[in-house]
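Overview (structure and organization)
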Protein chains: 2
Amino acid sequence: MSLSLNQWTTRRWSLAEAVDGCVRHGLEAIGLWREKVAEQGLAESVRLVRAAGLRVSSLCRGGFLTAGGLPGEEGRTAFARALEDNRRAIDEAAELAAACLVLVVGGLPGVRPGEPLPATGFTRDLAGARARVAEALAELAPYAGERGVKLALEPLHPIYCPDRAVLSTLGQALELSLPYPEEQVGVVVDTFHVWWDPRLFEDVARAGGRIAAYQVCDYLHPLPEDVLLGRGMMGDGVIGFPPITRAVRDAGYAGDVEVEIFNADLWAADPDEVVATIKARYRDVVLP
Amino acid sequence: MSLSLNQWTTRRWSLAEAVDGCVRHGLEAIGLWREKVAEQGLAESVRLVRAAGLRVSSLCRGGFLTAGGLPGEEGRTAFARALEDNRRAIDEAAELAAACLVLVVGGLPGVRPGEPLPATGFTRDLAGARARVAEALAELAPYAGERGVKLALEPLHPIYCPDRAVLSTLGQALELSLPYPEEQVGVVVDTFHVWWDPRLFEDVARAGGRIAAYQVCDYLHPLPEDVLLGRGMMGDGVIGFPPITRAVRDAGYAGDVEVEIFNADLWAADPDEVVATIKARYRDVVLP
């Protein structure tokens, strides 16, 4: 298992700067974001990571597949648009030879990420939203398979269930993945999202070869007002990493370990210092 | 199933005022809090609820059993003190003929509810904290059984795992309860805490006669800065209640349905208006 920088951790850096940063700090892999790839241009991004000899440990992200749960024409249009965007994401992941495309599946239909509940035009049908994700996966998995891309279902902490992901546990992600070949659909283990789960160790073992990505960052306490930014540098929060890292390794995962931190203070800091701290904490706090 | 007012919803009211309020609004049951019972005096509290002909649907709360996970003498003292306080809570529940004593089991050892992480003196050993809860239960369940009190294990939303409850899912609570007779240890289904759980319906059915209390309130989105106050009036948040209420009823639960809302706006409002709204929303939003 080798350390990878998810580029959202150093989001002040462009893709080109993040690639340089990885090389400068001796990292062998990088996790990319579609927004950053688009800014750099897809072809140029491919060229940069290849020239640097970096593996692309993941492309973030596809998903947001639940809006189809809205009634009538609005739902049908939203579902078609989401599938189209995800097919583009799969194409990009193929070009970049990313180890996987991370899918954040979306929240309750009509609830927009980080925004207050609308007065009307959303649904509380959680079971229905989850069914939409399974339907979308049936469309996307073969498309990904034909292009050699692995879709990675990411369960998000239940705090994000209303607006970002109705996929809330590793076990649930695993169930969704089972109808498909391992090389088409896997799961993400992100410590922030799953550390609390009483079934975590059982489900990590059960996931085995389905684990497509292992992402680490700490869970801050108390959470900041914008809960999206409740992620912290490993060691700054409440997560005990070694047992989780050991379980992921023992399940057979031999890919890269991505550090993905959304945190206002880290985003304001010098990215080179952030990467240096990541390397130290990875060794001291994350490894078993 | 009949509506019960958990008195923390109208916390401006003393116990005597809350009992009067229930009678005035035609409710047959009330959920009590130990702080309020202590203010009124235990004997007087018993007299008031009996004279009013109210059932006590629950006493809130015992628990906070994890501090024993701290090392050495500090841990042993904290564990002994927690057990002693819980025995007192059981005695009070027996006096009040409460249907159950709700247990909020506590967070990571050394992390105090609602407070920032201390610099030292806390542990990230989540598995150990969970083991302490099981140990405490082995001490307390027989004591409760001898006094005819049912302990009700309350799984809390994973957002409270660091500081309030390492018991995070209904399934986990159920597993903990299984070694004991149903009349000694049950579980709480609180919509706020469990609405997101992909295994909810399966675990509610599995719980059956173990369901000791059904508490309802909504899950607000976005959550306020103090996440403890993210509970809302039914209909104001993201929870679809009817399928959950139906599942709890179909599992055989025939007790009271407690409305327990921690919410700064509701606490500031006229309690009589709050209770009137609760009755209307219960009928329109909660019942299947």
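Treat the numbers as computed from the prediction; the structure is a model and nothing was measured. (Residues numbered from 1 in each chain as written. Chains lettered and ligands numbered in written order. Predicted model: local features only at pLDDT ≥ 70, side-chain atom pairs only at ≥ 80, totals over all residues. Heavy atoms only, no water.)

Digging into the interface of chain A and chain B
Taken together, the contact pairs 34 residues of chain A with 34 residues of chain B. Overall, the association of chain A and chain B removes approximately 2700 Å² of surface from exposure, summing both partners, and the carbon and sulfur fraction of that is 67%. Its largest share of buried area at the contact with chain B, chain A owes to R124, W196 and H221 of chain A, together 23% of the area lost on that side. Between chain A and chain B we count zero salt bridges in total. Between the two partners, chain A and chain B, sit eight residue pairs in polar contact (both at pLDDT 80 or more). (Contact = heavy atoms within 4.5 Å. Buried area = accessible area lost by both parts, 1.4 Å probe. Salt bridge = Lys/Arg side-chain N within 4 Å of Asp/Glu carboxyl O. Polar contact = N/O pair within 3.5 Å; in protein donor to acceptor, adjacent residues only side chain to side chain.)

A closer look at the packing of aromatic side chains
Residues and elements named next belong to chain A. This model, assessed by the stated rule, comprises 13 aromatic pairs over all chains. Look at W195 and Y219: their rings are 5.3 Å apart centre to centre, the planes differ by 45 degrees, and that puts the pair in the tilted class. In this pair, W195 sits in the loop between α7 (191-194) and α8 (200-207) while Y219 sits in strand β8 (residues 218-219), placing the two residues 24 residues apart along the sequence. We note that W195, like Y219, is buried. Over the aromatic face of F262 sits the side chain of R231, whose NZ or CZ is 5.0 Å from the ring centroid. (Phe/Tyr/Trp six-rings, centres within 6.5 Å; stacked < 30°, edge-to-face > 60°. Helix = DSSP H or I, 4+ residues; strand = E, 2+ residues; numbered from the N terminus. Buried < 20%, exposed > 50% of the residue type's maximum accessible area, 1.4 Å probe, protein only. Lys NZ or Arg CZ within 6 Å of the ring centre and 35° of its normal.)

Focus on the UniProt feature "domain: Xylose isomerase-like TIM barrel" (unreviewed entry) in chain A
As recorded in UniProt, the feature "domain: Xylose isomerase-like TIM barrel" (unreviewed entry) lies at residues 22-270 of chain A. As annotated, residues 22-270 of chain A has a helix share of 41% and a strand share of 16%, and its two end C-alpha atoms lie 14 Å apart. (UniProt positions renumbered as here; feature names shortened; annotations may be inferred.)

A word on the relation of the copies chain A and chain B
You can overlay chain A on chain B at an RMSD of 0.0 Å; the transform is a turn of 180 degrees with a shift of 0.0 Å along its axis. The symmetry that links the two subunits is that of a two-fold axis. Taking the C-alpha atom as reference, chain A places E225 of chain A closest to the rotation axis, 2.4 Å from it. Both copies contact each other with a shared surface, as 100% of the interface residues of chain A are interface residues in chain B too. (Least-squares fit on C-alpha atoms with pLDDT ≥ 70 in both.)

Examining the packing of helix α3 (residues 42-52) of chain A against helix α4 (residues 72-96) of chain A
Residue and element names in this part refer to chain A. α4 packs onto α3 with a crossing angle of 30 degrees between their chain directions and a minimal axis gap of 9 Å. Along this stretch, α3 crosses α4, giving a crossing that reads as right-handed. From α3, L42, S45, V46 and R50 reach across to α4, where they touch E92, E95 and L96. Counted by class, the contact of α3 with α4 contains three nonpolar, one polar and three charged residues. (Axes fitted to C-alpha atoms, helices over the stretch in contact; angles between N-to-C directions. Left-handed = near helix turned anticlockwise from the far one by under 90°. Nonpolar A, V, L, I, M, F, W, Y, C, P; charged D, E, K, R; others polar.)

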